[in-house]
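Topology and contacts: notes
Each chain, letter by letter, is given below.
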Amino acid sequence: MTQYLYPQNLKATANLWLWGLRDFCIIGIAALLSVVIMVYLKIFIPAAVTLVYGFLTIRMDDTTVMDYMKYAVKYLITTQQYFEWR
């Protein structure tokens, strides 16, 4: 008798640790290029950009840090708040 194990949600995106699979590949390639640039040119900006991108794409419960920041900016700055006094 063969037993098969299926994930709970078959439509969920593939995740690797805290990132989506696409983001993890981008971070890996960017980190490799950043190290090469750091070694040969002594420029740290690509490594900083890679770290910021890595932080902004951390995924928890299908929402990234960048999504939270967009929601906060939309709520606090760009969307008019409506108050009704009674």
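Residues numbered from 1 in each chain as written. Predicted model: local features only at pLDDT ≥ 70, side-chain atom pairs only at ≥ 80, totals over all residues. Heavy atoms only, no water.

What follows concerns the confidence of the model for the protein chain. With 92% of its residues at a pLDDT of at least 70, the protein chain reaches an overall mean of 87. Taken element by element, the predicted model of the protein chain shows its lowest mean pLDDT in strand 1 (residues 15–16) (75) and its highest in helix 2 (residues 45–56) (96). (pLDDT = per-residue confidence, 0-100. Helix = DSSP H or I, 4+ residues; strand = E, 2+ residues; numbered from the N terminus.)

Between helix 1 (residues 21–41) and helix 2, the least distance of the axes is 8 Å, while the angle of their chain directions is 160°. With respect to helix 2, the element helix 1 is oriented roughly antiparallel. Crossing geometry of helix 1 relative to helix 2 is assigned as left-handed. Touching D23, I26, I27, A30, A31, S34, I37 and M38 of helix 1 are P46, A47, T50, Y53 and G54, all from helix 2. Residues that form the contact of helix 1 with helix 2 fall into these classes: nine nonpolar, three polar and one charged. (Axes fitted to C-alpha atoms, helices over the stretch in contact; angles between N-to-C directions. Parallel < 35°, antiparallel > 145°, perpendicular 65-115°, else oblique. Left-handed = near helix turned anticlockwise from the far one by under 90°. Contact = heavy atoms within 4.5 Å. Nonpolar A, V, L, I, M, F, W, Y, C, P; charged D, E, K, R; others polar.)

Moving on, we get to the environment of L16. Structurally, L16 is set in strand 1. Of the residues examined, L16 reaches a relative accessible area of 30% and is grouped as partly exposed. Measuring from C-alpha to C-alpha, the distance between L16 and R59 comes to 9.7 Å, with 43 residues separating the pair along the chain. Residue contacts for L16: discarding those within four places in its chain leaves L21 and F24. (Buried < 20%, exposed > 50% of the residue type's maximum accessible area, 1.4 Å probe, protein only.)

On to the packing of aromatic side chains, then. One pass over the full model with this rule turns up two aromatic pairs. Ring centres of W17 and F24 lie 5.3 Å apart, and the angle between their planes is 65°; on these two criteria the pair is classed as edge-to-face. Classification of W17 as exposed rests on a relative accessible area of 68%. A centroid spacing of 6.4 Å and a plane angle of 40° characterise the contact between W19 and F24, whose relative ring orientation is tilted. By way of ring pairs, the aromatic residues W17, W19 and F24 are connected into one cluster. (Phe/Tyr/Trp six-rings, centres within 6.5 Å; stacked < 30°, edge-to-face > 60°.)

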